[in-house]
Amino acid sequence: MKNFLTVLTAILLFGLIACEGPAGPAGKDGKDGTNGINGTNGANGLSVDFKGDLATAPASPVLNWVYHNTTDKKVYIYNGTAWVVMTLDGSNGTNGTNGTNGTNGANGLRVFITYNDNSLSSQPSTPTGIGTANGWHTDPTAAAAWMSQKVAADSAAGTWGVPISIKGKDAGFVYFDGFKTDLKCATCHTPDTDTLYHKSAVSYQWAASKHAIGGTSFENSTTCAVCHTTEGFVQSQTGKTITTAYNSTPVGCFACHSPHINGDFALRTTAPATILSNLAGVADYTFNYGKGNLCAQCHKPRSQSNKLDPSKSTVANDTIKITSGRWYSHYGVQTQMLMGKGGYEWTNQTNTVANSYHTDAPGVKSDGCTICHMPNARGDYDGGHSMKLSSDEGQNLNGCKTSGCHSSITTLDYKGAMTTTHNNLDTLKVLLAKAGWLDTLTMQAKASSGSPLIITPSNRAGALWNFFLVEHDLSSGVHNTAYANALLLNSIAKMKGTF
Ligand code: HEC
Ligand code: HEC
Ligand code: HEC
Ligand code: HEC
Ligand code: HEC
């Protein structure tokens, strides 16, 4: 202030005393004034307005509205035109709970084993599927004799290996060439233990049969051995050439069975048999009676020459020349008789020829001769393998009483059929003897090559033929009563000249 006053005084003095001189140099800037007072506060700015947890953005938003979106877990702010994300990155959350287990992977491969109890001689078929069919089982029991294995993912998959035997041969068995493998001899060869086949008892029955004691096993030539010896019959049944059987065996066990090869008593054959008709112009026929087919292989006629011709049964001037006493079918004509075949018939005969019930009876059809001839045996007297129905003990009617047949029968001479047949045979025998055709001592035709029997008309010889047929059937008409007796009655009528 002193400076200011000094300057002001100078200026005034100068002006008064002197005229105005040239302008002096500019003085120094004065000091800054003091600050003005503060202005008033401005209006408050817009603050953030938090709207809370919401699933969706709130309606009609205003700048700086903020909400927490519970759906996408973000915080949004409205910037005046749109919602924009406002959050910072969050920190790591805590671990979630474990997820559920995934599905199992495919199994690895395993070994499967299955067993079979078949005997060593009988390799079972390769197992299939899970290996428990056709005798295969998965129990490793002591009885198991075979096993098979496979490597597969599961029991039903994969292919089983070829069965492998896992047992050594049993010490109780004997192994011989030609015998069935693992045949146990004592099954049949010890009466003590043979409760299955009773071979010993059966052998005694057979020993009482005419097969055993008939005494014709010496008929061992190549033409006769086939029916009269075991050796010849086995040769014929096994496709071999029939040779003369020296040291021949009668018709025995090994003819009808082959126990050492089969291991049981299955019949050697049940093939139907062709039966020769032995009548000119009459076709041969087939005998098909189940088990009886075995019997028919032998109990059938051999070929016979000088045959009668039924087509000439009313021809007056035809002649037959018989040159042998054995002018008949040899010998087992039982098959023919049962079927109602082999007899000589005349177109103008007086008695109708028909068959008895036996010919087509169901049991006879299936079992043939055995149903009557092999009933339950009575010791070694009759029945069973004796094949006899009469013995010192009487008659064995067990076969006749087969269910559905003659349940209350008391004699084989049922309804007098055997008596009737005998009587008719006797009547005819007398007529044939009178005619000089039959030798009643040999019961053969009165004929030989040197002294032949010539019969005219030939059809009359049918009476002799029928006599032999019924006589050699040996059943006295039981096999086919109606047929046998019609043949006999017609033959008697023929001999008497009735027709
Ligand atoms: C399925 C029954 C059966 C079996 C198993 C059996 N056999 Fe036989 N064997 C017979 C018959 C049947 C005869 C005849 C016996 C008779 O005539 O009485 C026989 C007879 C024999 C004969 C005597 C032969 C003859 O000509 O007289 C001998 C040896 C024999 N057998 C040995 C054996 C041997 C060894 C075994 C065991 C490997 C065996 N058998 C197993 C049924 C059998
Ligand atoms: C291999 C041949 C053959 C077979 C198979 C055969 N037989 Fe014989 N049979 C004969 C011979 C041969 C005679 C006679 C024996 C003798 O007189 O020496 C005979 C005799 C008989 C006899 C006794 C006959 C009489 O005069 O008393 C009867 C019964 C018999 N057989 C029934 C049968 C039966 C049933 C069958 C079937 C199960 C059968 N045979 C199977 C050959 C056989
Ligand atoms: C197709 C089989 C067969 C032929 C082949 C056969 N026979 Fe016979 N033979 C028998 C039968 C079956 C019997 C028993 C019939 C009966 O008793 O019922 C028998 C019985 C016999 C008899 C006893 C007759 C009687 O009155 O007791 C003699 C013997 C005989 N035959 C001899 C022979 C001669 C020999 C040959 C060979 C040339 C022969 N057989 C060929 C099946 C045959
Ligand atoms: C002429 C033929 C013949 C002769 C020989 C014969 N059999 Fe048989 N055998 C048969 C017939 C047929 C049967 C079946 C009988 C039936 O089913 O009714 C049979 C059945 C059997 C059976 C029963 C089979 C079973 O499984 O039940 C035995 C065991 C048997 N015979 C043993 C023997 C013995 C052992 C011999 C010798 C001693 C023998 N046979 C001789 C024909 C014969
Ligand atoms: C319906 C029952 C029956 C049938 C099936 C049967 N027979 Fe006979 N057979 C008899 C009677 C019953 C006798 C008389 C027996 C007697 O007098 O002791 C007999 C007798 C025989 C005889 C005389 C020997 C003997 O034992 O008296 C022979 C052989 C014979 N039959 C064989 C056969 C043959 C082979 C067959 C099959 C083709 C057969 N039989 C079918 C019932 C039958």
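As the structure is a prediction and not an experimental result, all values here were calculated from the model.

Rules behind the numbers
- Sequence order as written defines residue numbering, which begins from 1 separately in each chain.
- To label them, take the chains in the order written and letter them from A, then take the ligands in the order written and number them from 1.
- Predicted model: local features are reported for residues with pLDDT of at least 70 only, side-chain atom pairs are reported and counted for 80 or more only, and whole-chain, interface and lining totals are derived from all residues.
- The helix count covers DSSP runs of H or I at least four residues long, the strand count covers runs of E at least two residues long, and both are numbered beginning at the N terminus.
- The globule rule used here is 2.2 Å times the number of residues to the 0.38 power, and the radius of gyration it is set against is calculated over C-alpha atoms.
- The rule is simple: place the C-beta atom from the backbone, and if it lies within 6 Å of a molecule or strand, the residue is near it.
- Here the nonpolar group is Ala, Val, Leu, Ile, Met, Phe, Trp, Tyr, Cys and Pro; Asp, Glu, Lys and Arg are the charged ones; every other residue, Gly included, is treated as polar.
- As annotated, the domain borders come from an automatic or database domain assignment.
- Whether two strands pair depends on DSSP finding at least two bridges between them.
- For this analysis, nonpolar core means a set of buried Ala, Val, Leu, Ile, Met, Phe, Trp, Tyr and Cys residues linked through C-beta atoms within 7 Å.
- Residue burial here comes from a neighbour count, namely the number of other C-beta atoms, placed from the backbone, that lie within 10 Å of the residue's own C-beta, with 20 or more meaning buried, 12 or fewer meaning exposed, and in between meaning partly exposed.
- Orientation is described by axes fitted as lines to C-alpha atoms, over the contacting stretch for helices, and by angles from 0 to 180 degrees between their N-to-C directions.
- Per-residue confidence from the prediction method is given by pLDDT, with values spanning 0 to 100.
- Two residues form a contact once the distance between their C-beta atoms, set from the backbone, is within 7 Å.
- Geometric relationships in this document are graded by angle, where less than 35 degrees denotes roughly parallel, more than 145 denotes roughly antiparallel, 65 to 115 denotes roughly perpendicular, and other angles denote oblique.
- Two helices crossing with the near one rotated counterclockwise from the far one by less than a right angle form a left-handed crossing, whereas a clockwise rotation gives a right-handed crossing.
- Expected helix span is computed as 1.5 Å times (number of residues minus one).

A word on the overall build of the protein chain
Here is step 1 of the chain: Check the secondary structure of the protein chain and you find 15 helices and 16 strands.
Here is step 2 of the chain: Relative to its length of 499 residues, the protein chain is extended, with a C-alpha radius of gyration of 62 Å against a globular reference of 23 Å.
Here is step 3 of the chain: With the principal axes as the frame, the protein chain shows a C-alpha extent of 225 × 60 × 50 Å.

Observations concerning the site of ligand 3
Here is step 1 of the chain: Around ligand 3, the structure places 15 residues, and the nearest of them are Glu219, Cys224, Cys227, Tyr331 and Gly332.
Here is step 2 of the chain: Partitioning the shell around ligand 3 into residue classes produces six nonpolar, six polar and three charged.
Here is step 3 of the chain: Built from parts of two domains, the shell around ligand 3 gets at least three residues from each of domain 3 (171–268) and domain 4 (306–496).

A look at unusual backbone geometry
Here is step 1 of the chain: Threonine 456 connects to proline 457 through a cis peptide bond whose omega is -10°.
Here is step 2 of the chain: In this structure, proline 457 sits in the loop between strand E16 (453–455) and helix H14 (461–473).
Here is step 3 of the chain: With a phi angle near 45°, serine 60 is a residue other than glycine that sits in the positive phi range.
Here is step 4 of the chain: Residue placement: serine 60 occurs in the loop between strand E1 (49–54) and strand E2 (65–69).

Side note on the sheet that holds strand E7 (residues 146–152)
Here is step 1 of the chain: An order of E6-E5-E7-E8 is seen for the four strands of this open sheet, with the pairing classed as antiparallel. Looking at the sheet topology across the chains shown, the edges are occupied by strand E6 (136–137) and strand E8 (164–165).
Here is step 2 of the chain: Here strand E5 (residues 110–116) runs beside E6; their pairing, made up of two bridges, is antiparallel. Within the sheet, the bridge partner assigned to tyrosine 115 lies in E6 and is histidine 137.

Re the site of ligand 4
Here is step 1 of the chain: Near ligand 4, the surroundings consist of 19 residues, among which Tyr197, Trp206, Cys253, Cys256 and Phe265 are the closest.
Here is step 2 of the chain: Of all the elements in the fold, those that place two or more residues in the shell around ligand 4 are helix H3 (199–207) and helix H7 (253–256).
Here is step 3 of the chain: A total of four residues in the shell around ligand 4 trace back to one element, the largest contributor, which is H3.
Here is step 4 of the chain: Across the shell around ligand 4, the residue classes tally to eleven nonpolar, six polar and two charged.
Here is step 5 of the chain: Structurally, the shell around ligand 4 is a two-domain feature, drawing no fewer than three residues from each of domain 3 (171–268) and domain 4 (306–496).

Considering the nonpolar core
Here is step 1 of the chain: Residues Leu428, Leu432, Ala445, Leu464 and Phe467 are the most contacted members of the largest nonpolar core, which totals 56 residues.
Here is step 2 of the chain: In terms of residue count, the dominant contributor to this core is H14 (eight residues).

Quick word on the sheet that holds strand E3 (residues 74–78)
Pairing between sheet strands relies on hydrogen bonds along the backbone, with the strands arranged either parallel or antiparallel.
Here is step 1 of the chain: Within the open sheet, the four strands sit side by side as E1-E2-E3-E4. Their pairing is mixed. Whereas interior strands pair on both sides, the edge strands pair on one side only; in this sheet they are E1 and strand E4 (83–85). Between one strand and the next, the sheet's axes are offset by a mean angle of 25°, whatever the strand orientation.
Here is step 2 of the chain: Pairing of E3 with E4 involves three bridges; the strand directions are antiparallel.

Description of the confidence of the model for the protein chain
Here is step 1 of the chain: Residue-level pLDDT values for the protein chain average 91, and 94% of them are 70 or greater.
Here is step 2 of the chain: Low pLDDT, under 50, characterises residues 7–18; the stretch is placed with zero contacts to residues that sit more than four places away or in other chains.

Brief notes about the domain arrangement of the protein chain
Here is step 1 of the chain: Domain boundaries assigned for the protein chain yield domain 1 (49–84), domain 2 (111–168), domain 3 (171–268) and domain 4 (306–496).
Here is step 2 of the chain: For domain 2 and domain 4, the distance between their C-alpha centres works out to 59 Å.

Structural notes on the packing of H14 against helix H15 (residues 481–496)
Here is step 1 of the chain: One way to put it is that H14 packs onto H15 with a least axis distance of 9 Å and a crossing angle of 150°. One element, H14, and the other, H15, form an angle in the roughly antiparallel class. Considering how the two elements wind past one another, H14 and H15 form a crossing that is left-handed. Residues Gly462, Ala463, Asn466, Phe467, Leu469, Val470 and Asp473 of H14 form the contact with H15, whose participating residues are Ala484, Leu487, Leu488, Ser491, Lys494 and Met495.
Here is step 2 of the chain: Grouping the constituent residues of the contact of H14 with H15 by class yields eight nonpolar, three polar and two charged.

Quick look at the pairing of E3
Here is step 1 of the chain: For E2 and E3, the ladder comprises four bridges, and the chain directions are antiparallel. By the bridge assignment for E3, asparagine 69 is matched with lysine 74.
Here is step 2 of the chain: In this antiparallel pair of consecutive strands, E3 and E4, the connection spans four residues, and glycine 80 shows a positive phi of 105°.

Some words on the pairing of E2
Note on strand geometry: in a regular strand, side chains alternate between the two faces of the sheet.
Here is step 1 of the chain: Bridge count for E1 against E2 is four bridges, and the pairing is parallel. Each bridged residue has a counterpart across the sheet, and for aspartate 49 the counterpart in E2 is tryptophan 65.
Here is step 2 of the chain: Between the end of E2 and the start of E3, which pair antiparallel, lie four residues, with lysine 73 showing a positive phi angle near 55°.

Details of the packing of helix H13 (residues 417–434) against H15
Here is step 1 of the chain: Axis separation between H13 and H15 bottoms out at 10 Å; the angle between their running directions is 25°. One finds that H13 runs roughly parallel with respect to H15. Here the hand of the crossing between H13 and H15 comes out left-handed. For the pair H13 and H15, the contacting residues are Ala417, Thr420, Thr421, Asn424, Leu425, Thr427, Leu428, Leu431 and Leu432 in the first and Thr481, Ala484, Asn485, Leu488, Leu489, Ser491, Ile492 and Met495 in the second.
Here is step 2 of the chain: Its residues assigned to classes, the contact of H13 with H15 comprises ten nonpolar, seven polar and no charged.

Remarks on H14
Here is step 1 of the chain: With 13 residues, H14 extends 19 Å from end C-alpha to end C-alpha; this agrees with the ideal 18 Å at 1.5 Å per step.
Here is step 2 of the chain: Within H14, eleven of the 13 residues are buried, which leaves it mostly tucked inside the rest of the structure.
Here is step 3 of the chain: By the burial criterion, the buried members of H14 are Ala461, Gly462, Ala463, Leu464, Trp465, Asn466, Phe467, Phe468, Leu469, Val470 and Asp473.
Here is step 4 of the chain: After H14 finishes, the residue leucine 474 shows a positive phi value of roughly 65°.

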